[in-house]
Amino acid sequence: MTGRTASDGPDVSARDDSSARDGASAWDGASTHSDDASARDAVSARSDGTLTRSTGTGTARRRGRPPRTESAGTRDRILDAAREEFSARGYEKTSVRGIAKSAGVDSALVHHYFGTKEQVFEAAVEVAFAPAFTVRDTILDGPVEEAGERMTRMIIGLWESPVTRAPLLAIVRSAVNNEIAAGVFRRLIAGQLLRRIAGRLDVPDPELRAELAAAQLVGIAMLRYVIKVEPLASADAEQIVERVAPVVQGHLTGR
């Protein structure tokens, strides 16, 4: 690096070979993802070899990988920030840099944990639908003639819970407006949920039946929780289950 001034901080290249190697490990390729604005920030070297970059606001943001003890928390923080960004901005207007800023980390960490924006979105979908993936095999446990009610209660229950509703809204809104997001949504839902349900159905066209049942429930979710059409939006959830479950059952096992 050439043309450094005193305001740029200490000359990192002047450190001894051992410190330089430690510093390079701590940096861990983060500089390859920084933009022009980040490149102008002042670089400083801590005594433990960790490189930090001052953003001019008085706070320094550590570059590269965090210690292992911080990894789980950092990953979760990035996912939380990603869901918020996708929900507020949609897939197209959300950027890895914006997710990183919201999470309070460098963009390089987002790339390190998840890769591309599409892969961040896919991880967010997996987390949002984790409860559905966990109980998918229980939908057809028990009498098959009650599978429609179990499936309806599971899906409506996910949307009724404030904990799972927000990330679901982010995923659905993004999938509706962007083909890449829709492809991720399709791949996960079809591969991890619908095909598993279809595999338990002893009827003709099981995959089509499972998709029709899901379409019934997704349509209700869109009208109730996204578009908020009345009186559906304010109807009692139990009333919805009672009315919709027989229709879903008909899709799954009806002759």
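Before any of the text, the structure's been laid out above.
This is a predicted model, so every value here is computed, not measured.

Draft legend 1. Structural context of the overall build of the protein. Each helix and strand in the protein was counted, giving 12 helices and three strands. Out of the 255 residues belonging to the protein, those deemed buried represent 40%. Total accessible area on the protein stands at roughly 13800 Å², and carbon and sulfur atoms take up 52% of it.

Draft legend 2. Just the layout of surface pockets, in detail. Estimates place the volume of the largest pocket at around 500 Å³. The wall of the largest pocket is formed by 21 residues, among which F185, I189, L194, A214 and V218 lie closest to the centre. Breaking the lining of the largest pocket down by element, the ones donating at least two residues are α8 (147-160), α9 (162-177), α10 (179-198) and α11 (206-226). Among the elements that make up the lining of the largest pocket, the one with the highest residue count is α10 (seven residues). A breakdown of the residues in the lining of the largest pocket according to their chemical character gives 19 nonpolar, no polar and two charged.

Draft legend 3. Up close: the packing of aromatic side chains. The tally for this structure, following the rule as stated, stands at five aromatic pairs. With a centroid separation of 5.8 Å and an interplanar angle of 5°, the aromatic rings of F86 and Y91 are classed as stacked. When its relative accessible area of 1% is taken as the criterion, F86 is described as buried. Centroid distance W159 to Y225: 5.2 Å. Interplanar angle 15°. Geometry classified as stacked. Linking W159 in helix α8 with Y225 in helix α11, this pair joins segments that are 66 residues apart in sequence. Judged by relative accessible area, which is 8%, W159 ranks as buried. We classify Y225 as buried; its relative accessible area is 8%. By the ring-pair criterion, three or more aromatic residues cluster together here, those being F86, Y91 and F121.

Draft legend 4. Structural detail: the environment of L232. Positionally, L232 belongs in the loop between α11 and α12 (237-253). You can call L232 partly exposed: its relative accessible area is 24%. Residues L232 and I220, spaced 12 residues apart in sequence, show a C-alpha to C-alpha distance of 8.4 Å. Ignoring any residue separated from it by four or fewer positions in sequence, one finds L232 in contact with I220, L223, R224 and I240.

Reading the values: the criteria
Residues numbered from 1 in each chain as written. Predicted model: local features only at pLDDT ≥ 70, side-chain atom pairs only at ≥ 80, totals over all residues. Heavy atoms only, no water. Helix = DSSP H or I, 4+ residues; strand = E, 2+ residues; numbered from the N terminus. Buried < 20%, exposed > 50% of the residue type's maximum accessible area, 1.4 Å probe, protein only. Areas by Shrake-Rupley, 256 points an atom, 1.4 Å probe, with all protein chains shown as cover. 1 Å grid on protein atoms, 1.4 Å probe; cavity = no way out; pocket = protein on both sides within 12 Å on 5 of 7 lines; lining within 4 Å. Points joined across faces, edges and corners; volume = space filled by probe spheres on them. Nonpolar A, V, L, I, M, F, W, Y, C, P; charged D, E, K, R; others polar. Phe/Tyr/Trp six-rings, centres within 6.5 Å; stacked < 30°, edge-to-face > 60°. Contact = heavy atoms within 4.5 Å.

Such coordinate-based values are descriptive only and should not be taken to indicate function.
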